[in-house]
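Chain residues, written in single-letter form:
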Amino acid sequence: MIHKIICIAREFGSGGHEIAVRTAAALGIRVYEKDLFRLACRYGELSEKMMESADETATNPFLYRTVHEGNYHVTRGLPTSEVLFALQSHEIRRIAARENCIFVGRCADFVLRQENVKLLRVFVRAPLNKRIERKMQQENLTREKASRLVRKMDKRRKKYYESYTGRVWGSPDGYDLCLDTGTVDFDVAVDQICAAYNAL
């Protein structure tokens, strides 16, 4: 059976996580995000504490830790971020072969590009100011701190995606559906994703 997979990439503070959760509930499928990290660590028998800082992070060529633990699924001596990317990619492919679902981040659209699945690639964005305000409310931050956090996380996600895929993060050419939560509310965004998913 060929499964239908939604891959959601998102600017920080755009509501991509919430939209993924609501879409999954509407479609009756699972959403995988942080649990991909836990599944990858379990697959490689690696400490989550040791690998935590490598999640959705590109390797810094001047400062990185290498992995010397784990089981035979782990290529020892590589940077933690590269090891984690390989393990998460394995888990993404394994899950996609088993069930319809949603993946948030982790370059899932790239990982599944040659797999036998029906893929819906979604990018969620919003104006910078709206994202800063959202993080101010969510995390009780000053405007300055929220602004720094949003810019830092966007930069990190962009570098991570582009270093592993060779593609441009957020470019409309790379997605089937681009949603701006500055102009479209979450309910409408969910409806649009569900319609596109059902049309696969």
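Refer to the structure presented above.
On a predicted model such as this, the values are computed, not experimentally measured, just so you know.

## Re the overall build of the protein chain
Per the secondary structure count, the protein chain includes eight helices and five strands. Listed by position from the N terminus, the elements making up the protein chain come as β-α-β-α-α-α-β-α-β-α-α-β-α. The globule rule puts the C-alpha radius of gyration for 200 residues at 16 Å, and the 17 Å found for the protein chain is close to it. The C-alpha extent of the protein chain, read off along each of the three principal axes, is 50 × 45 × 30 Å.

## Quick look at the packing of aromatic side chains
The geometry of an aromatic ring pair comes down to the distance between the two centres and the angle between the two planes. Taken as a whole, this structure holds six aromatic pairs when the rule is applied. When the centroid spacing of 6.3 Å and the interplanar angle of 75 degrees are considered together, the rings of phenylalanine 85 and tyrosine 160 count as edge-to-face. You can see phenylalanine 85 sitting in helix α4 (residues 80-96) and its partner tyrosine 160 sitting in helix α7 (residues 143-165), a full 75 residues away along the chain. A centroid spacing of 4.1 Å and a plane angle of 10 degrees characterise the contact between phenylalanine 85 and tyrosine 164, whose relative ring orientation is stacked.

## Considerations on the nonpolar core
Counting residues in each nonpolar core, the largest one holds 24 residues, and the members touching the most others are Ile5, Tyr32, Ile92, Ile95, Phe103, Cys107 and Leu112. Every element with two or more residues in this core is listed here: β1 (4-10), α2 (34-44), α4, β3 (101-104), α5 (108-111) and α7. Considering every element that reaches this core, the biggest residue donor is α4, with four residues. With residues near it in sequence (within four places) discarded, isoleucine 5 still touches Ala96, Glu99, Asn100, Cys101, Phe103, Leu112, Val117, Lys118, Leu119 and Leu120. Core analysis: the next-biggest nonpolar cluster, separate from the first, contains 20 residues, Ile6, Ile19, Val124 and Val190 among them.

## Brief notes about the side chain of lysine 135
With respect to the secondary-structure elements, lysine 135 resides in helix α6 (residues 128-139). Since its relative accessible area comes to 10%, lysine 135 is described here as buried. Setting aside anything within four residues of it in sequence, one finds lysine 135 in contact with Phe12, Gly13, Asn140, Leu141, Ala146 and Val150.

Conventions we followed
Residues numbered from 1 in each chain as written. Predicted model: local features only at pLDDT ≥ 70, side-chain atom pairs only at ≥ 80, totals over all residues. Heavy atoms only, no water. Helix = DSSP H or I, 4+ residues; strand = E, 2+ residues; numbered from the N terminus. Rg over C-alpha atoms; globule rule 2.2 N^0.38 Å. Phe/Tyr/Trp six-rings, centres within 6.5 Å; stacked < 30°, edge-to-face > 60°. Core = buried A, V, L, I, M, F, W, Y, C linked by side-chain atoms within 4.5 Å. Buried < 20%, exposed > 50% of the residue type's maximum accessible area, 1.4 Å probe, protein only. Contact = heavy atoms within 4.5 Å.

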